[in-house]
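One letter stands for each residue in the lines below.
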Amino acid sequence: MGNEHRSARAEVVFGLRTFGANPLPVRVELEYDSDDPYAVVAAFHSGRGTVRWMFSRDLLADGLLAPSGDGDVRISPSTDAAKVVFELDAPDGAAVLEAPAQEIAAFLDRSYEQVPGGDEPEWFDFEAEIAKLAFRS
């Protein structure tokens, strides 16, 4: 470890797909932090507050190129090459959103400037994470 803390952030306007209407704008803050180098957090701001989703940086990168994800978060290119589709599924409901592919790619590029792909183990403190699990038991 011993690496200096690094992060990347971006604010992107996603479009919430609705039936029979134009997508509704949703402000989303994307966050990447070297303290958890495998993850990206997306904070979706709506009239009801902020909903935070965490998913892998690899899922976000893969979703720019091909349909990716098997669980609650699925990301894929849109039929419109300028967009990426995010499908979010939770017990309380589901949402399909679209985001500008260039802005997502630019955010990913900044995250890889902070922690290059493949270097994540050098930044991840496995012992601290194991200690957190032991503390919860």
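Heads up: these notes are all about the structure in this document. In every chain, residue numbers begin from 1 and rise along the written sequence. The model is predicted, so local features are restricted to residues of pLDDT at least 70 and side-chain atom pairs to those at 80 or more, both for listing and for counting; the totals for chains, interfaces and linings are taken over all residues. Water and hydrogen atoms play no part in the side-chain values, which are based on all heavy atoms of the structure.

**Examining the overall build of the chain**
So, point 1. The helix count covers DSSP runs of H or I at least four residues long, the strand count covers runs of E at least two residues long, and both are numbered beginning at the N terminus. Counting its secondary structure elements, the chain contains four helices and seven strands.
So, point 2. Reading the chain from its N end, one meets helices and strands in the order β-β-β-β-α-β-β-β-α-α-α.
So, point 3. Relative accessibility decides the category of a residue: with a 1.4 Å probe and only protein chains considered, values under 20% of the type maximum give buried, values over 50% give exposed, and everything between is partly exposed. Among the 137 residues that make up the chain, the fraction classed as buried is 35%.
So, point 4. Residue pairs in contact within the chain that sit at least 24 positions apart in sequence constitute 41% of those at least 6 positions apart. The contact criterion used throughout is that any non-hydrogen atoms of two residues lie within 4.5 Å.

**Regarding the side chain of Arg57**
So, point 1. Considering the arrangement of structural elements, one finds Arg57 in helix 1 (residues 57-63).
So, point 2. With residues near it in sequence (within four places) discarded, Arg57 still touches Tyr32, Pro37, Tyr38, Ala39, Val40, Leu108, Ser111, Tyr112, Val115, Pro116, Gly117 and Glu120.

**A closer look at the packing of aromatic side chains**
So, point 1. To pair, rings of Phe, Tyr and Trp, with the six-membered ring standing in for Trp, must have centres within 6.5 Å; the planes then decide the type, stacked if under 30 degrees apart, edge-to-face if over 60, and tilted in the middle. In total, this model carries three aromatic pairs according to the counting rule given.
So, point 2. When the ring of Phe14 is compared with that of Phe44, the centres are 5.7 Å apart and the planes differ by 85°; the resulting orientation is edge-to-face. Here Phe14, found in strand 1 (residues 7-18), pairs with Phe44, found in strand 3 (residues 39-46); they are 30 residues apart in sequence, far enough to count as distant.
So, point 3. The exposure class assigned to Phe14 is buried, which follows from its relative accessible area of 1%.
So, point 4. One aromatic cluster in this structure is built from Phe14, Phe44, Phe55 and Phe86.

**Some points on helix 2 (residues 101-114)**
So, point 1. Compared with an ideal rise of 1.5 Å per residue, which puts 14 residues at 20 Å, helix 2 spans 20 Å between its outermost C-alpha atoms and is within 8% of the ideal.
So, point 2. Looking at helix 2, one finds that the buried residues are Ala101, Ile104, Phe107, Leu108 and Ser111. Relative to the axis of helix 2, the buried residues are bounded by an arc of 130° and lie together on one face. Exposed and facing more than 90 degrees away from the buried side of helix 2 are Gln102 and Glu113.
So, point 3. Contacts from the buried residues of helix 2 go to strand 1, strand 2 (21-33), strand 3, helix 1, strand 6 (83-90) and strand 7 (93-100). Take the number of residues in a helix, subtract one, and multiply by 1.5 Å to get its expected span. To obtain the arc, one takes the directions from the helix axis to the C-beta atoms.

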